[in-house]
Amino acid sequence: MLAAFIGWLVGRMVLSGRVKALRSSIAESRAELERCQQAKLTGNPSAPAMPEPLLETQPAFVHADPLLPALSNDSTPELIDADSTESTVSSSANVLIPQMPSVVPPLIPAIDVRPDNSEAAVLSRIAARAGEVNFDRIGRATATEADDLKDIVGIGPFLERKLHSLGIYTFRQVANFTKEDTDKVNELIEFFPGRIERDDWVKQAKAFYERKSGPAS
């Protein structure tokens, strides 16, 4: 930074000295011109011819670099061509900026979140909750002891398979349902709420069980 400032200062001093010298030369030329004019008026032909005076003109524009006179042997300010400046600006304005291609995110396939309501899925789902049935109260049975539960009004083939998935096979088990058992089985077999009670499965099961083996104890 110090060297740059010294260079700028020296350049300014050199340029100032040249301007003073130029002004002094112009002043001398004007004085000589006046002497020539006086000689012509007095008729003295021996007066020396005076060259045309130099016009003191200033350049239209110079570079704003203060270090240029100090770093160059030629301290004459360089004129800037206005046409070349306009062409440079014009060419800069016409530069095309490449556009980046737009990025399209990949499509994410929709995930089907609907429950699997196939018969196998439903029976498997019901069997997984068989432990919620109170078999100590309604009794236990096996598939070999199964009654035809479709005899009960309101039980069709699919409902019968749902009851079998829970481990309910006989009229005796259904006849032993309490209100709590009825509500729980109704929930587990995914049946219409209150449907077992409205169809009165317990009363029908007791009738079938008594017909089969006598009054229930």
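Parameters at a glance
Residues numbered from 1 in each chain as written. Predicted model: local features only at pLDDT ≥ 70, side-chain atom pairs only at ≥ 80, totals over all residues. Heavy atoms only, no water. Helix = DSSP H or I, 4+ residues; strand = E, 2+ residues; numbered from the N terminus. Buried < 20%, exposed > 50% of the residue type's maximum accessible area, 1.4 Å probe, protein only. Arc of directions from axis to C-beta. Contact = heavy atoms within 4.5 Å. Polar contact = N/O pair within 3.5 Å; in protein donor to acceptor, adjacent residues only side chain to side chain. pLDDT = per-residue confidence, 0-100. Salt bridge = Lys/Arg side-chain N within 4 Å of Asp/Glu carboxyl O.

Participant: Even after reading the chapter, I still don't get unusual backbone geometry, so can you show me in this structure?
Facilitator: What is expected of a backbone is that most residues other than glycine have negative phi and most peptide bonds are trans. In this structure, E190 is a non-glycine residue whose phi angle is positive, near 55°. Here E190 lies in the loop between α8 (179–188) and α9 (195–199). If you check the backbone angles, D200 has positive phi at about 55° while not being a glycine.

Participant: What is the right way to look at α8 in this model?
Facilitator: Note on helix geometry: an α-helix contains 3.6 residues per turn, so any two residues three or four positions apart are oriented the same way. For α8, the set of buried residues is D181, T182, V185, N186 and L188. What you see down the axis of α8 is that its buried residues fit within an arc of 165°, all on one side. Residues of α8 that are buried in the fold lie against α4 (119–127), α5 (135–138), α6 (157–166), α9 and α10 (201–213). Positive phi shows up at E190, right after α8, with a value of about 55°.

Participant: Help me understand the side chain of D147, please; the structure alone is not making it clear to me.
Facilitator: Examined against the element boundaries, D147 turns out to sit in the loop between α5 and α6. The class of D147 is buried, set by a relative accessible area of 10%. A distance of 2.3 Å separates polar atoms of two side chains, one belonging to D147 and the other to K212. Contact partners of D147, with chain neighbours within four places excluded, come to E160, Y169, T170, F171 and K212.

Participant: What is the right way to read the side chain of D181 from this model?
Facilitator: Examined against the element boundaries, D181 turns out to sit in helix α8. Here T178 takes part through its side chain, which lies 3.0 Å from a polar atom of the side chain of D181. Excluding its chain neighbours within four sequence positions, the residues that come into contact with D181 are N134, R137, I138 and N176.

Participant: Whenever I open this one, the confidence of the model for the chain confuses me. Can you help?
Facilitator: Interpreting fine coordinate detail is not advised for predicted regions of low pLDDT. Residues with a pLDDT of 70 or more make up 59% of the chain, whose mean pLDDT is 76. For the chain, helix α2 (residues 68–71) is the element with the lowest average pLDDT, namely 50, and helix α7 (residues 171–175) is the one with the highest, namely 96. Contacts for the low-pLDDT stretch residues 60–64, under 50 throughout, to residues beyond four places or in other chains number eight contacts.

Participant: Please explain the pattern of salt bridges as it appears in this structure.
Facilitator: This model, assessed by the stated rule, comprises 16 salt bridges. In this structure, the salt-bridge partner of R129 is E132, at a minimum N-O distance of 2.8 Å. Between R137 and D181 there is a salt bridge, with its nearest N and O atoms 2.8 Å apart. Here D181 lies in helix α8 and R137 lies in helix α5, a separation of 44 residues in the sequence. On the accessibility criterion, D181 (6% relative accessible area) is buried.

Participant: Looking at this structure, I do not really get α4. What am I missing?
Facilitator: When we look at burial in α4, the residues that qualify are A121, V122, L123 and I126. Buried residues along α4 sit against α6 and α8.

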